[in-house]
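So you can see what is in the structure, the chains are spelled out below.
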Amino acid sequence: QVQLVESGGGLVQAGGSLSLSCAASGRTFSRYAMGWFRQAPGKEREFVAAINWSGGSTYYVDSVKGRFTISRDNAKNTVYLQMNSLKLEDTAVYYCAVNVRFPSNSRRSAAYEYWGQGTQVTVSS
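These numbers were taken from a predicted model, which means no experiment stands behind them.

Engineer: What's the story with empty space enclosed by the protein in this structure? I'm lost.
Structural biologist: Any space left empty among the atoms is revealed by the rolling of a water-sized probe across them. This structure, assessed with the given rule, holds 1 cavity of 30 Å³ or more. The space that makes up the largest cavity amounts to roughly 40 Å³. Around the largest cavity, the lining residues are Val2, Ala24, Ser25, Arg27, Thr28, Phe29, Tyr32, Met34 and Val98.

Listed below in structure tokens is the structure:
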């Protein structure tokens, strides 16, 4: 069992930055790939970024490449999402998730077994 707690969401103006954190507990965090997803009102949950167990490989949806950075600190059991140059369309609830069994570049939400409760990110004009 893994428990995930996201933090760092909030309200920011377009062009600004936010840093999300996801603290994990319960199982050996450093063994598993991690991902960030988001869900905007009325839309399906969308893959944002993923990182392999060591942090050596990262993957992004095209819409955030060059603006968002996923990273992890296995000593702190924490994964991060640094979001820069935020746009109105980045507004969503952001979720972190653990990928226990599938390739680390998996983008399907079904590949992720454990999920956090989500944190709201709102970008205003």
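Engineer: When you look at the nonpolar core in this model, what are you seeing that I'm missing?
Structural biologist: Soluble globular proteins tend to bury their nonpolar side chains together. Ranked by internal contacts, the top residues of the largest apolar core, which has 37 residues, are Leu4, Trp36, Leu81, Met83 and Tyr94. Those elements giving two or more residues to this core turn out to be strand S3 (18–25), strand S4 (33–39), strand S5 (46–51), strand S7 (68–73), strand S8 (78–83), strand S9 (92–99) and strand S11 (119–124). Beyond its immediate sequence surroundings of up to four residues, Leu81 is in contact with Leu18, Ser19, Leu20, Trp36, Val48, Ala49, Phe68, Thr69, Ile70 and Tyr94.

Engineer: Explain the packing of aromatic side chains here, please?
Structural biologist: What describes a pair of aromatic rings is the distance from one ring centre to the other and the angle between the planes of the rings. All chains considered together, the criterion is met by 5 aromatic pairs. Ring centres of Phe37 and Phe47 lie 5.7 Å apart, and the angle between their planes is 80°; on these two criteria the pair is classed as edge-to-face. Pair noted here: Phe37 is in strand S4 and Phe47 is in strand S5, with a separation of 10 residues, a long-range link. Residue Phe37 shares its accessibility class with Phe47, and that shared class is buried. Taken together, a centroid distance of 6.5 Å and an interplanar angle of 75° make the contact between Tyr95 and Trp115 edge-to-face. In this pair, Tyr95 sits in strand S9 while Trp115 sits in strand S10 (residues 114–115), placing the two residues 20 residues apart along the sequence. Among the residues examined, Trp115 registers a relative accessible area of 25% and is labelled partly exposed. The positively charged end of Arg45 is found above the aromatic ring belonging to Tyr95, 4.0 Å away from the centroid.

What counts and what doesn't
Here the residue index of a chain counts from 1 through its sequence in written order. At least 70 in pLDDT is required for a residue's local features to be given in this predicted model, at least 80 for side-chain atom pairs to be given and counted, and no such filter applies to totals for whole chains, interfaces and linings, which use all residues. To obtain the side-chain values, all non-hydrogen atoms of the structure were included, while hydrogens and water were left out. With a 1 Å grid laid over protein atoms only, a set of points is called a cavity when a 1.4 Å probe fits there but cannot get out and a pocket when it is open yet has protein on both sides within 12 Å along at least five of seven lines; lining residues have an atom within 4 Å of a point. Grid points are joined across faces, edges and corners, and a volume is the space filled by probe spheres set on the points. Only buried Ala, Val, Leu, Ile, Met, Phe, Trp, Tyr and Cys residues count toward a nonpolar core, and they belong to the same one when joined by side-chain atoms within 4.5 Å. Partly exposed describes any residue whose relative accessible area lies between the buried limit of under 20% and the exposed limit of over 50%, with all areas from a 1.4 Å probe on protein chains only and scaled to the type maximum. Put simply, DSSP H or I for four residues or longer makes a helix, DSSP E for two residues or longer makes a strand, and each gets a number counted from the N terminus. Residues are treated as being in contact if the distance between any of their heavy atoms lies within 4.5 Å. Whether two aromatic rings pair depends on their centres lying within 6.5 Å, for rings of Phe, Tyr and Trp, where Trp uses its six-membered ring; planes under 30 degrees apart make the pair stacked, over 60 edge-to-face, and the rest tilted. Our definition puts a charge over a ring when NZ of Lys or CZ of Arg is within 6 Å of the ring centre and also within 35 degrees of the ring normal.

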